[in-house]
Amino acid sequence: RLHLASLAGTWIALVPGLAGLRQRHSSVAFSPRLPEGLTRLVVNLAVRGRRLRVEITPEQTVYQLIEGEPLEVRHDGALFRVQTTEPIVRPTGRPEAADAPAQPVGRAPASRRRPRSTRARV
């Protein structure tokens, strides 16, 4: 079974998170960043009566308008127009390296490892 709220959380993590989808005034904007180990993310969207396909790999992001009138899209701040005639290819940005988040004092998750016994086994 699938829980619909879980699917919504997955959508939020992938599309606004990794694909970096934002709505900006009269256009949609993407700032895609794929973490190491993820090789591809494909998103199909309905945007103002148009169908847009966005395929993200660590090297490039391909925007293709499947159906509808031309659409203005921003990729890492650069504005361009996607049409049904041919895909637009842009380089995918690299994720910034970050340190692991620190937990507040006394709030770190408990270890799931069992403590080793101090008794000698016979």
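Our subject is the structure that appears above.
All of these numbers come straight from a predicted model, not from anything done at the bench.

**Q** An account of the pattern of salt bridges is needed here, citing residue identities and associated values.
**A** Summed over the entire model, instances satisfying the criterion amount to five salt bridges. We note a salt bridge from Asp 76 to Arg 33, for which the minimum N-O separation is 3.2 Å. One end of the pair, Asp 76, is in the loop between strand S6 (71-75) and strand S7 (78-82); the other, Arg 33, is in the loop between strand S2 (27-30) and strand S3 (41-47), and 43 residues separate them in sequence. The exposure class assigned to Arg 33 is partly exposed, which follows from its relative accessible area of 29%. Between Glu 55 and Arg 53 there is a salt bridge; the shortest N-O distance is 3.5 Å. Ionic contacts of the salt-bridge type, sharing partners, join the residues Arg 40, Arg 53 and Glu 55 into one network.

**Q** Break down the sheet that holds strand S5 (residues 60-67) for me, with residues and values.
**A** The four strands are arranged S3-S4-S5-S8 in an open sheet whose pairing can be described as antiparallel. Of all the strands in the sheet, the pair left with one neighbour each is S3 and strand S8 (88-91). Going across the sheet, the axis of each strand differs from the next one's by a mean of 20 degrees, ignoring polarity. Relative to S8, S5 runs antiparallel, the two sharing four bridges. Paired with Gln 60 across the strands is Pro 91, a residue of S8.

Criteria and thresholds
Residues numbered from 1 in each chain as written. Predicted model: local features only at pLDDT ≥ 70, side-chain atom pairs only at ≥ 80, totals over all residues. Heavy atoms only, no water. Salt bridge = Lys/Arg side-chain N within 4 Å of Asp/Glu carboxyl O. Helix = DSSP H or I, 4+ residues; strand = E, 2+ residues; numbered from the N terminus. Buried < 20%, exposed > 50% of the residue type's maximum accessible area, 1.4 Å probe, protein only. Pairing = 2+ DSSP bridges. Axes fitted to C-alpha atoms, helices over the stretch in contact; angles between N-to-C directions.

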